[in-house]
Amino acid sequence: FHDCAEMIEDGFTDEAATDIAWSKWGSVLEPADLDRLSEDLVVYHSREPLNVRTVLSEGELRVPLTETRDGVPIFFRGRIDRLYASTVQDGWYDQVDYKTSKYPKTQAEVDADLQMWSYNWALHEYFPEIEHLEQHYDQFAGPPLVTRKNDEQRRQIRAFLEVEARN
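**Concerning the sheet that holds strand 1 (residues 52-67)**
In step 1: Strand order in this open sheet of five strands is 1-2-3-4-5, and the pairing throughout is mixed. With partners counted over all chains shown, the strands left at the sheet margins are strand 1 and strand 5 (145-147), one partner each. For this sheet the average axis-to-axis angle between neighbouring strands, irrespective of direction, equals 35°.
In step 2: The sheet contact formed by strand 1 and strand 2 (residues 73-86) spans 13 bridges and is antiparallel. Directly across from Leu-61, in strand 2, lies its bridge partner Gly-78.
In step 3: Contacting strand 1, strand 2 and strand 3 (92-99), helix 1 (residues 2-9) runs over the sheet at an angle of about 55° to strand 2.

**Things to note about the nonpolar core**
In step 1: The biggest cluster of nonpolar side chains holds 19 residues, and the ones touching the most others in it are Leu-61, Phe-76, Ile-80, Leu-83, Trp-121, Leu-123 and Phe-127.
In step 2: Elements that contribute at least two residues to this core include exactly strand 1, strand 2, helix 5 (114-126) and helix 6 (151-166).
In step 3: In terms of residue count, helix 5 provides more of this core than any other element does, five residues in total.
In step 4: Residue contacts for Trp-121: discarding those within four places in its chain leaves Val-63, Pro-64, Leu-65, Phe-76, Arg-154, Ile-157, Arg-158 and Leu-161.
In step 5: With 14 residues, the next largest nonpolar core counts Met-7, Ile-8, Tyr-98 and Phe-140 among its residues.

**Brief notes about helix 5**
In step 1: Helix length check: helix 5, at 13 residues, gives a terminal C-alpha distance of 18 Å against a target of 18 Å (1.5 Å per residue), a fit within 8%.
In step 2: Considered for burial, the residues of helix 5 that qualify are Met-116, Trp-117, Ser-118, Tyr-119, Asn-120, Trp-121, Ala-122, Leu-123 and His-124.
In step 3: At its buried positions, helix 5 is contacted by strand 1, strand 2, strand 3, strand 4 (132-139), strand 5 and helix 6.
In step 4: Backbone nitrogen of Gln-115 and a side-chain oxygen of the N-cap are separated by 3.0 Å at the start of helix 5; the cap is Asp-113.

Reading the values: rules and limits
Residues numbered from 1 in each chain as written. Predicted model: local features only at pLDDT ≥ 70, side-chain atom pairs only at ≥ 80, totals over all residues. Heavy atoms only, no water. Pairing = 2+ DSSP bridges. Helix = DSSP H or I, 4+ residues; strand = E, 2+ residues; numbered from the N terminus. Axes fitted to C-alpha atoms, helices over the stretch in contact; angles between N-to-C directions. Contact = heavy atoms within 4.5 Å. Core = buried A, V, L, I, M, F, W, Y, C linked by side-chain atoms within 4.5 Å. Buried < 20%, exposed > 50% of the residue type's maximum accessible area, 1.4 Å probe, protein only. Expected span 1.5 Å × (residues − 1). Polar contact = N/O pair within 3.5 Å; in protein donor to acceptor, adjacent residues only side chain to side chain.

None of this, on its own, says anything about what the molecule does.
Have a look at this one:
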């Protein structure tokens, strides 16, 4: 899906993007996955946000995190599916993480999801102009769920990531 979404963002049709992605990934997929991909693309198009501009599309982040005990820098790296900036309210951003799993998560699971939590911290570090960030866990097998983090939660995840990176 992610390959298709990136190509569609670059102007490819759904059919062309699917053909290219399938030529790359088809050997590890099942026949039913082609139907799921088509269905996921329909959902993807139906959830196109309004009043935003795209800041990142399948964009890589590399944010300084800490150092090893020997002083070597350690970076947090992530790939952001989409980051949108509001065109009507300065400082307001939406991050979208597309999920193609067959099994939807609950709101509590999304609120505790370490990937989303880490991305929240990293986006605030990388883009200091973010004043308000909503994160959309866009699961195609269920409803999209929204999560947010505050300054204290960002402090907590950074401390957690630092310890994890050094150990």
